[in-house]
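Fold and contact review
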Amino acid sequence: MIKKVELTRFKKYKSQKFMLRPNGLTLLVGGNNSGKSTLIHALSVWEFCKMILLHEKGREIFNQDEWKKGEGFGMSSEEFLPIAVPSLNHLWTNLKTQLSPAEKEAWPDAYPGYIMRIKCTWDYKDQIDRMLEIGLSVVNDRLFIRVTDSNLCSQDHLLTVVYLPTFAGVLPKENKATIAERRAFLGRGMAGSVIRNMIYDLYLEDKKMRDTLLAGKKRLSNSDKQTLNETSPLQKLQNNLRSTFSSQLEIEPFSEDFHTVLRVYERKLIQDDGELTVLPKSKYTPRDIITQGSGYLQWLSIFSILYSSNIDILLLDEPDAHLHASLQSELLNQLRQAVENDQEKQILVSTHSVEMIKQAPLEIIFSMDTRKYLSEETLRVATLAGIGSEYFPKIDLLKRYKRLIFVENESDKKILSILGNICGITLPDEIVYWANTDDHATRRRIFDNLKAIIPNLKCVSLRDRDMDNPDVVGDGLKYKAITLPADSPILLLQWRRKNIESYLLCPRAIAEAAEKSVEEVKQHIQQKFALAIDDDGYAEATPPEAIITCDGKKVFTKETNGLEVAFGCNKYDVAKKMTSAEVPEDIKVFLTQVKTLFSV
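Let us look at the structure shown here. (Residues numbered from 1 in each chain as written. Predicted model: local features only at pLDDT ≥ 70, side-chain atom pairs only at ≥ 80, totals over all residues. Heavy atoms only, no water.)

Now for the sheet that holds strand S3 (residues 24-29). Reading across from one edge, S8-S13-S14-S3-S15-S16 is the order of the six strands in this open sheet, with mixed pairing throughout. Edge positions in the sheet fall to strand S8 (161-164) and strand S16 (372-373), since each of these pairs with one other strand and no more. Bridge count for strand S13 (residues 313-317) against strand S14 (residues 346-350) is five bridges, and the pairing is parallel. When the bridges of S14 are listed, Leu 316 appears paired with Val 349. Packed onto the sheet, helix H8 (residues 325-341) meets S3, S13 and S14 and runs at close to 140° relative to S3. (Pairing = 2+ DSSP bridges. Helix = DSSP H or I, 4+ residues; strand = E, 2+ residues; numbered from the N terminus. Contact = heavy atoms within 4.5 Å. Axes fitted to C-alpha atoms, helices over the stretch in contact; angles between N-to-C directions.)

Moving on: the environment of Leu 323. In this fold, Leu 323 is placed in the loop between S13 and H8. Each C-alpha atom, one on Leu 323 and one on Trp 299, is 8.6 Å from the other, the two residues being 24 residues apart in sequence. Contact partners of Leu 323, with chain neighbours within four places excluded, come to Gly 295, Trp 299, Gln 328 and Leu 331.

As summarised here, the arrangement of the six strands in space is S2-S1-S5-S6-S7-S4, forming an open sheet in which the pairing is antiparallel. Looking at strand neighbours, the two that pair on one side only are strand S2 (13-19) and strand S4 (73-76), the edges of this open sheet. Between one strand axis and the next, the sheet turns through 15° on average, direction left out of account. Bridging between strand S6 (residues 127-139) and strand S7 (residues 142-150) involves eight bridges; their strand directions are antiparallel. In the sheet register, Leu 136 faces S7, and the bridge partner there is Ile 145.

Most of strand S19 (residues 458-463) sits out of view: six of its six residues are buried. Side chains of S19 alternate between two faces, with Lys 458, Val 460 and Leu 462 and Cys 459, Ser 461 and Arg 463 buried alike. In this sheet, S19 lies alongside strand S17 (residues 403-407) in parallel orientation, the contact comprising four bridges. Bridge assignment links Leu 404 to a residue of S19, and that residue is Cys 459. (Buried < 20%, exposed > 50% of the residue type's maximum accessible area, 1.4 Å probe, protein only.)

Here we come to the packing of helix H6 (residues 233-245) against H8. One way to put it is that H6 packs onto H8 with a least axis distance of 12 Å and a crossing angle of 155°. If you check the angle between H6 and H8, you find them roughly antiparallel. Handedness of the H6/H8 crossing: right-handed. Facing Asn 240, Ser 243, Thr 244 and Phe 245 of H6, the residues of H8 in contact are Leu 327, Glu 330 and Gln 334. Of the residues contributing to the contact of H6 with H8, the split by class is two nonpolar, four polar and one charged. (Parallel < 35°, antiparallel > 145°, perpendicular 65-115°, else oblique. Left-handed = near helix turned anticlockwise from the far one by under 90°. Nonpolar A, V, L, I, M, F, W, Y, C, P; charged D, E, K, R; others polar.)

Structure representation (structure tokens):
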């Protein structure tokens, strides 16, 4: 199958080559805008153009001794349907669909109008290094396509690629479609529009296999049933649905004389003496497949296409989007099994699924950042971090450390660590810090959910007071609006001052960090922020009301006259210059609360 894809001026890639495993399953992974969907879309466009040229020009147009003859084929923008774009020029790199005069002179072949190229090179059985390149041009909002390179001959297999976007949807009713119509829908990434047709094809293939096995017999033997179970695409699909969803399909026979639409129903199964049996219709009325959830329909679309015998390559764009984490793992297992059982199929999956990436063998994970398959476990970790899966490593660490602190941002952790070292109340190393701006009630719900899977988990939720009334903060910085039992494994704490920066308003430390005199610092704070502060600040738990209500963050960061602008020192610099006596009492109370809770 496809082992090399070369893109010229397609979307984000002006010139790029991808070397892929020519068979089996490949996971395309990377962060947002890393190019996963771009590669999938390129192959989808290649298939669409190939299908149009095959229909309009005939098979011979792809042969190496024929492709230079004739002109390109044109279509309107409305007829271009494989992927959604605001306008056709969005397919071209930097939206530029034409070459400059200098670029046109240097163009290497006779088709400088067709500057977007998608070239695929593949192996198929004993046919090695077969290649087909398709060029695209746009003129006056009309798209023109043509073959721009090929080494094919009439006997060579022409690949069939199917693109399945993230759950394309299922129609309420579906007419029986011709093979050409089905190919057109599949080529446009609209598999949901012909899902019942694909299932019915599997049904007809199953019926044909049954008739062959039954020839001259009254009933199928046990060996015949086993053969059917192992080889029939429909039975593969049914077994898949039974094991995954405890359901199966009921397909009504279609008669050209009496029927206009295809009907496929879902039947529930129950365990009976260790075996799955169909729930009687008196207890569960069969339902049309459209009534099922998005995850079920996504699954059904994937495997109805995959088990079809007339496709070579399946492109899946984030198929995990509607699936629970456990089903994402099962999807990986089922896809791997499918390509192991059918060596002549290839699957490319664009995914953000942490479950799939964590469990997949390294040799099938293709990093879009490096454009290589992973070779070391450390690269898997880097890949997970790159897709923004910060919560999953956190959960893994929580299971190990069983200690969690919610903070409003990562800077809080750094300041608390600095001040803890200064005053001798250091925080334990094995703590997971989780930065978010959720209120205490929301954090408590998150904690309760985490504790369901980590029974011994303990947690501190720390928030700035911001606009809350100072009276909401009680002894030990405890948040008084939510009552917790005395032995609660979670503490809800809130600064008495407006924010953590307000505890760093120590003129002496600021002056040392800024290499200014204390008087200069005090005068600046008084003139610009109307605050009169002693040299060593206010370490007591009950400072003047002006300190309680002032916005310390603004004192440090205000664009025109904040300390960072006026004196070039940030809050970390100031924290490092404070003495133990200058560390405010509230900071010490918080550090003590944390050590007490986590040491129990």
